Amino acid sequence: MPRSYRYAHLISSLSALAGLAFPVIGCTMEMHYHGFPFSFESAVALHREFLNLWLLDSAPLVMGLYGYFLGRALDKIHLELENRTESEQRLRSILNNLSSGVLVINESGVIQKCNAALCAMFGFGNDELIAQHVNVLMPPEVASSHDQYLRRLKESGRSDLFGKRRELMAQRRDGKTFPIEIVIGEMTCADARYFVGSITDITQRKQLEAQLHQAQRLESIGQLAAGVAHEINTPIQYVGDNLHVLRQNFEDLSALIAEIQRCAESVPDVCRERMLAAEEKYDLAFILDDTPKAISQAIEGTERVSHIVRAMKDFSHIDRAKVTAVDINAALRNTLTIAKNEYKYVADTKTLFAELPLVECYASELNQVFLNLIVNAAHAIADKGPERGLITLVTQNTGGFAQISIKDTGTGIPEAIQDRVFDPFFTTKEVGKGTGQGLHIAHQVVAKHGGRLWFESEPGQGTTFHIQIPLQLEQKAAAEHA
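Worth saying up front: this structure is predicted, and the values here are computed from it rather than measured.

*Asks:* Just checking my understanding: could you explain the sheet that holds strand 3 (residues 165–171) for this structure?
*Replies:* Each strand in a sheet pairs with another by means of backbone hydrogen bonds, the pair being arranged parallel or else antiparallel. Here we have five strands laid out as an open sheet, ordered 2-1-5-4-3, and antiparallel in their pairing. In this open sheet, the two edge strands, each paired with only one partner strand, are strand 2 (111–114) and strand 3. Ignoring strand direction, the axes of neighbouring strands in this sheet form an average angle of 35 degrees. The pairing of strand 1 (residues 101–106) with strand 5 (residues 192–201) spans six bridges and is classified as antiparallel. Within the sheet, the bridge partner assigned to leucine 103 lies in strand 5 and is glycine 197.

Structure (C-alpha cells):
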C-alpha cells in the first residue's frame, strides 16, 4: 500500500479511537456533575436515570465506525485511481516512446489523442493538436477526399482500409508536404466510435527509392550506350571510310571529266555537239556542284553520330562507386549533346568555359546534376512562351574550387517558393512531368562532394544555378559516400 494511503488509514483509525474515548470522557463528566462516585456501577445507574445519554454516547461510536469504514472504502478508491493513473501514465509513456506517430480521431475527424512522435513529425507542440480537425495535417487536395471518406465511413459503418498500409501526402505546420505511410484501425469506447492511425514518415525511404531509381536508370543508360557503341560504331566507321573514298573518287572523276571537256575542243563538231547535249540532258554542272556537298553532309552526319555515341558512353558508362579525375568542360559538352533533344526546339546554347584542372568527383552523379539543371532550364524557357531562349554555361576556377553556372532566360522562380525548391517531392510541374526529386538529389550530390548548390532568380527573367565543388575530393566525403 502506498505511504500516503497508510497515513490516511492511520488517521482514520485514530479518529475512530477518539470517537470511542468521547463517551468515556462524557460519562465521567456527567458522574462528576451529578455527584456520582467514579465506578462502573455509577455509570450504569447514571444511564438508567438519564436514557438520552445512550444516544449521546453511541453517536460518536457510530460516527467513529462510520469514519473508519468510510476511510477504508476511500483507501480502496484512491488505490484504484492511482492504479488507473499509473496505467495511463505507462500507456502514455509507451505511446510517446514509439518512433511512429499515433493519432486517435472521432467519427467527425476531431483529434482526441496523439503521441509526441506525431507532434514532432508535424511540427506541433505536445497536446497542441487536441480538439483540432485532422485536416490540419493534410494538404488541401488530400483533405477534401478525406472528408468524403469519413462521411462514407460514418454512413456505411465499415471500411476495407482497416489494417492496410497506405501512402499519402501529409502537411507540416509550416505548410511543407511530405510522404507518410498510414495504417488505420478502429475502436469503440463508451458506445463512441474512434479511429486510430499509426503514421510513419517515409521521406527518407522515398529519397532512397528515388536515388536507387536514378542509379538503375544510369545503369540502363550505360548498358544502352555500350550496346549502341558496339552496334553502331563499326558500321558508321564503314560508312564514314567509304564516304571519304567516294569523295576522293568523285574528285578524280571530276578531274577526268574536265580533261575530257578540254580534249573535246579538238574533236569533230558532231561529237562535240553530242557531248554538250549529253551534259545538258544529265545536268552535269549540277552534279559536279551538288555531289561534293552531299558527300560532305553525309560525312558530317556520320561524325555527329559517332560524337553522340561517344558522349553517351562518357556520360553514363562510369563506375559510380569510383572517384575519377574529370574534365568538367568536356563533361558539360557531353551533357549538352545528350540533352539536345530537350532544348533544341526552344533555346540556343552558349558556353563560356575557363581553363580548369581535372576535378576529382563521382563523375556519373555529377553528370546527372548537370543534365537535370539543363533540362529544367529548357522546361522553364518552354513555359515562358514561343520566343526562343538562351541557356548559358559558364565555368570558373575560384581558387581551389570549380564553379559551374547554368543560366536560362525562362520564367524564373516565384519568390513564394524559392525557399522550397530543394525540398524533397516539391515540384511545380504538372503531374507526370516531374517527381520533385531532381533538385533535391542534385543538392545532396553536390553536398557529398563537399560543395554547395545555390541559385539566383528573377521572376519573368530567368534563373542561374551555381555549383561549386572542390578540385580535390576530401577523403572524409569520399569515405562517407562509399
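*Asks:* So what exactly am I meant to see when it comes to helix 9 (residues 328–338) here?
*Replies:* Three or four residues apart is the spacing at which side chains of an α-helix point the same way, because the helix has 3.6 residues per turn. By the burial criterion, the buried members of helix 9 are Ile328, Asn329, Ala331, Leu332, Asn334, Thr335 and Leu336. Taking the backbone nitrogen of asparagine 329 as reference, a side-chain oxygen 3.1 Å away marks aspartate 327 as the first, capping residue of helix 9.

*Asks:* Can you help me understand the pattern of salt bridges in this one?
*Replies:* Side chains that differ in charge, positive against negative, can pair when their charged atoms come close. Here the structure, examined in full by the defined rule, presents 10 salt bridges. Residues glutamate 167 and lysine 206 are paired through a salt bridge, measuring 2.8 Å at the closest nitrogen-oxygen approach. Taken together, the positions of glutamate 167 in strand 3 and lysine 206 in helix 6 (residues 203–263) put the pair 39 residues apart, joining distant regions of the chain. In the salt-bridge network here, residues are joined through shared partners; they are Arg165, Glu167, Glu181, Arg205 and Lys206.

*Asks:* Help me understand the sheet that holds strand 9 (residues 389–397) in this model?
*Replies:* Ordered by their spatial adjacency, five strands build an open sheet running 7-9-10-12-11, and the pairing between neighbours is mixed. Edge positions in the sheet fall to strand 7 (347–352) and strand 11 (452–458), since each has one partner strand and no second. Taken over all neighbouring pairs, the strand axes of this sheet differ in orientation by 15 degrees on average, direction set aside. Taken together, the six bridges between strand 7 and strand 9 define a ladder with parallel strand orientation. Residue pairing for strand 9: alanine 347 is matched across the bridge by glycine 389. Where helix 9 meets the sheet, it contacts strand 7, strand 9 and strand 10 (401–408), and its direction lies at approximately 165 degrees from that of strand 9.

Procedures and definitions
- Residues numbered from 1 in each chain as written.
- Predicted model: local features only at pLDDT ≥ 70, side-chain atom pairs only at ≥ 80, totals over all residues.
- Heavy atoms only, no water.
- Pairing = 2+ DSSP bridges.
- Helix = DSSP H or I, 4+ residues; strand = E, 2+ residues; numbered from the N terminus.
- Axes fitted to C-alpha atoms, helices over the stretch in contact; angles between N-to-C directions.
- Buried < 20%, exposed > 50% of the residue type's maximum accessible area, 1.4 Å probe, protein only.
- Polar contact = N/O pair within 3.5 Å; in protein donor to acceptor, adjacent residues only side chain to side chain.
- Salt bridge = Lys/Arg side-chain N within 4 Å of Asp/Glu carboxyl O.
- Contact = heavy atoms within 4.5 Å.

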